[in-house]
Amino acid sequence: MKIKKKSAVMLCGVFCTALTAVPVLADIEVQKYTNTDFAMDTVVSETLYTTGDDLNTAIGQKIRDIETEYLSWTDEDSQIAKLNAASGETTEVSDELAGYLEKIFQLAKDSNGAFDPTIGKIIRLWDITGENPHVPEQSELDELLKDVGYQKVSLDGDKVTLEKGATLDLGATGKGIGCDVVSDFLKTQEDVSGMILNLGGSSVMAYGEKPDGSDWKVAVTDPRDVEGDYLGAITLEGGEFLSTSGDYEKYFMEDGKRYHHILDPKTGYPVWNGLDSVTVVCDSGLLADGLSTACFVLGMDDALELLEKYNAEAVFVDEDKNVYLTSGMKDRFELMKNTYTVKEAE
Ligand code: ADP
Ligand code: MG
């Protein structure tokens, strides 16, 4: 059995800073700070443009705090761990988490349960990135599927009630929430004129602008290039967020089949619908992240309707080396591999 976890672990624990002066006005210099950090189990890359101090430490801390305060399944002090421990009862959560949950459950509803934040027990059963990745017995899956279903959770302001046995896992939106939190923080920092933040290559935030006015450009991974070469690039405006969900990030191979980490909540099995990856761009990190997962599960036809509702654009890459672009994506996507064919998503 071959196990693959592609998250640029080689950079793990490396903290580096590069500083370049970019003159714009006679008396104020915008500085460019480039940093690499590690948070949410992944590599964080940042490029910050500011007339003030480098904010690398504060930004890294913000992202780590979201993990420990809200999202962690293992840290029993996190709000999600507390909610899961109190399954069957009503728990009061912070205003922030209540706000995230409202968006998350709306997306679960709008995607007809293709995106389902109660799937956590099943992803752990597969143990795709753990010590013992394996195909579970059908009986084990059936047992856990009884506790899956976004309708098992009710929200009433800051009060959250999970049906007994049901659990919450915000894994599919965690990095997107991280991007939103950093974006909100930057809005309070007058010295900052622009930033690009990349969490693990799958969630990206573009904020403000570059001193020279040039576009923010984000590379999209070729889902089948083992060297990690890029498929193309997408132009982002300040205030936009990008997220990619693919079957190449976390998976194991068995009998020629790719068992990956995006599951169909109805069956508990990885989604095999011909898509290799979906990249979504919209004006919210949480939604870009949730939508990319939802669209991957739905497949292109049903995904298009959902994207329209959220005013989001997307790139779909399928196993036949087609790259489908939504109408608003055409002018901002640049293909970098001639082994792929660009088509219109319709
Ligand atoms: P990544 O976290 O690797 O960037 P995604 O954003 O697509 O990728 O999220 C995948 C994670 O979301 C899985 O590891 C799992 O915890 C969870 N997940 C898997 N399938 C679903 C689904 N259908 N709905 C909601 N969450 C899911
Ligand atoms: Mg996602």
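Residues numbered from 1 in each chain as written. Chains lettered and ligands numbered in written order. Predicted model: local features only at pLDDT ≥ 70, side-chain atom pairs only at ≥ 80, totals over all residues. Heavy atoms only, no water.

**Structural notes on empty space enclosed by the protein**
Right, on to step 1. Using the criterion set out here, one finds one cavity of 30 Å³ or more in the structure.
Right, on to step 2. Put simply, the largest cavity is a space of about 30 Å³.
Right, on to step 3. As for the largest cavity, its lining consists of Gly 201, Ala 219, Val 220, Thr 221, Leu 242, Thr 244 and Tyr 248.
Right, on to step 4. Every element with two or more residues in the lining of the largest cavity is listed here: strand S10 (216-221) and strand S12 (241-246).
Right, on to step 5. If you tally residues by element for the lining of the largest cavity, the top one is S10, at three residues. (1 Å grid on protein atoms, 1.4 Å probe; cavity = no way out; pocket = protein on both sides within 12 Å on 5 of 7 lines; lining within 4 Å. Points joined across faces, edges and corners; volume = space filled by probe spheres on them. Helix = DSSP H or I, 4+ residues; strand = E, 2+ residues; numbered from the N terminus.)

**Looking at the pattern of salt bridges**
Right, on to step 1. According to the stated counting rule, one finds 14 salt bridges in the structure shown.
Right, on to step 2. The partner of Arg 64 in a salt bridge is Asp 37, with the nearest N and O atoms 3.3 Å apart. In this pair, Arg 64 sits in helix H1 (residues 56-71) while Asp 37 sits in strand S3 (residues 29-39), placing the two residues 27 residues apart along the sequence.
Right, on to step 3. Judged by relative accessible area, Arg 64 falls into the partly exposed class, the value being 27%.
Right, on to step 4. Overall, the relative accessible area of 3% leaves Asp 37 in the buried class.
Right, on to step 5. The salt bridge involving Lys 217 is made with Glu 334; its shortest N-O contact spans 2.8 Å. In this pair, Lys 217 sits in strand S10 while Glu 334 sits in strand S18 (residues 333-335), placing the two residues 117 residues apart along the sequence.
Right, on to step 6. Salt bridges sharing partners connect three or more residues here, namely Asp 222, Asp 225 and Lys 337. (Salt bridge = Lys/Arg side-chain N within 4 Å of Asp/Glu carboxyl O. Buried < 20%, exposed > 50% of the residue type's maximum accessible area, 1.4 Å probe, protein only.)

**Some details on the site of ligand 1**
Right, on to step 1. If you check the shell around ligand 1, you find 19 residues, and the closest are Ala 114, Asp 116, Ser 245, Leu 263 and Asp 289.
Right, on to step 2. At 3.0 Å, a side-chain N or O of Ser 202 approaches an oxygen atom of ligand 1.
Right, on to step 3. Taking Asp 289, its side chain carries an N or O atom lying 2.9 Å from an oxygen atom of ligand 1.
Right, on to step 4. Counting atoms within 2 Å of the grid points, the majority share of ligand 1 lands in the largest pocket.
Right, on to step 5. Split into classes, the residues belonging to the shell around ligand 1 amount to nine nonpolar, five polar and five charged. (Near = heavy atom within 4 Å. Polar contact = N/O pair within 3.5 Å; in protein donor to acceptor, adjacent residues only side chain to side chain. Sits in = over half its atoms within 2 Å of the grid points. Nonpolar A, V, L, I, M, F, W, Y, C, P; charged D, E, K, R; others polar.)

**A look at the state of the cysteines**
Right, on to step 1. Within this structure, the stated rule accounts for zero disulfides.
Right, on to step 2. Unpaired in this structure, Cys 179 has its nearest cysteine sulfur neighbour in Cys 282, at a distance of 11 Å.
Right, on to step 3. There is no disulfide at Cys 295, and the cysteine sulfur nearest it, in Cys 282, is 9.8 Å away. (Disulfide = S-S within 2.5 Å.)

**Comments concerning the coordination of the magnesium ion (ligand 2)**
Right, on to step 1. Note on the magnesium ion (ligand 2): its protein donors are Ala 172 (O), Asp 289 (O), Asp 289 (OD) and Thr 293 (OG1). The metal-donor distances range over 2.2 to 2.6 Å.
Right, on to step 2. In the primary structure, the donors to the magnesium ion (ligand 2) are separated according to the pattern A-x116-D-x3-T. Here Asp 289 and its partner Thr 293 are both found in helix H7 (residues 285-298), four residues apart, which amounts to about one turn of the helix. Thr 293 carries the same exposure label as Asp 289, and that label is buried. (Donors = N, O, S within 2.8 Å, 3.2 Å for Na, K, Ca; no water.)

**Some thoughts on the confidence of the model for the chain**
Reading fine detail from the predicted coordinates is not recommended where pLDDT is low.
Right, on to step 1. For the chain, per-residue confidence averages 92 on the pLDDT scale, and residues scoring 70 or more make up 92% of the total.
Right, on to step 2. Across residues 1-16, where pLDDT falls below 50, the model places 36 contacts with residues more than four positions away in sequence or in other chains. (pLDDT = per-residue confidence, 0-100. Contact = heavy atoms within 4.5 Å.)

**Some points on the side chain of Ser 72**
Right, on to step 1. Position of Ser 72 relative to the elements: it lies in the loop between H1 and helix H2 (79-85).
Right, on to step 2. Given a relative accessible area of 6%, Ser 72 falls into the buried group.

**Description of the layout of surface pockets**
Right, on to step 1. Within this model, the largest pocket holds a volume of roughly 1,300 Å³.
Right, on to step 2. Residue assignment for the lining of the largest pocket shows that the elements contributing at least two residues are S3, H1, helix H4 (120-126), helix H6 (174-187), S12 and H7.
Right, on to step 3. Here the residues of the lining of the largest pocket sort into 16 nonpolar, 17 polar and 13 charged.

**Here we look at the UniProt feature "binding site: Mg(2+)" (unreviewed entry) in the chain**
Right, on to step 1. The residues that UniProt annotates with the feature "binding site: Mg(2+)" (unreviewed entry) are Ala 172, Asp 289 and Thr 293. Over a stretch of 122 residues, the named residues converge on one spot in the fold, their C-alpha atoms separated by at most 6.6 Å. Lining residues of the largest pocket, restricted to the annotated ones just named, are Ala 172, Asp 289 and Thr 293.
Right, on to step 2. Not counting the four nearest positions on each side in its chain, Ala 172 is found in contact with Phe 115, Asp 289, Gly 290 and Thr 293.
Right, on to step 3. From its side chain, Asp 289 meets the backbone nitrogen of Gly 176 in a polar contact 3.0 Å long. (UniProt positions renumbered as here; feature names shortened; annotations may be inferred.)

**Considering the packing of H6 against H7**
Helix-helix packing: each pair is described by the crossing angle between the helix axes and the interaxial distance.
Right, on to step 1. Following both chains from N to C, one finds H6 and H7 inclined at 165°, their axes separated by 6 Å at the closest point. On the basis of their axis angle, the class for H6 and H7 is roughly antiparallel. Note that H6 runs across H7; the crossing there is right-handed. Packed against H6, whose contacting residues are Gly 174, Lys 175, Gly 176, Ile 177 and Asp 180, the element H7 presents Gly 285, Leu 286 and Asp 289 at the interface.
Right, on to step 2. Of the residues assigned to the contact of H6 with H7, the class counts are two nonpolar, three polar and three charged. (Axes fitted to C-alpha atoms, helices over the stretch in contact; angles between N-to-C directions. Parallel < 35°, antiparallel > 145°, perpendicular 65-115°, else oblique. Left-handed = near helix turned anticlockwise from the far one by under 90°.)

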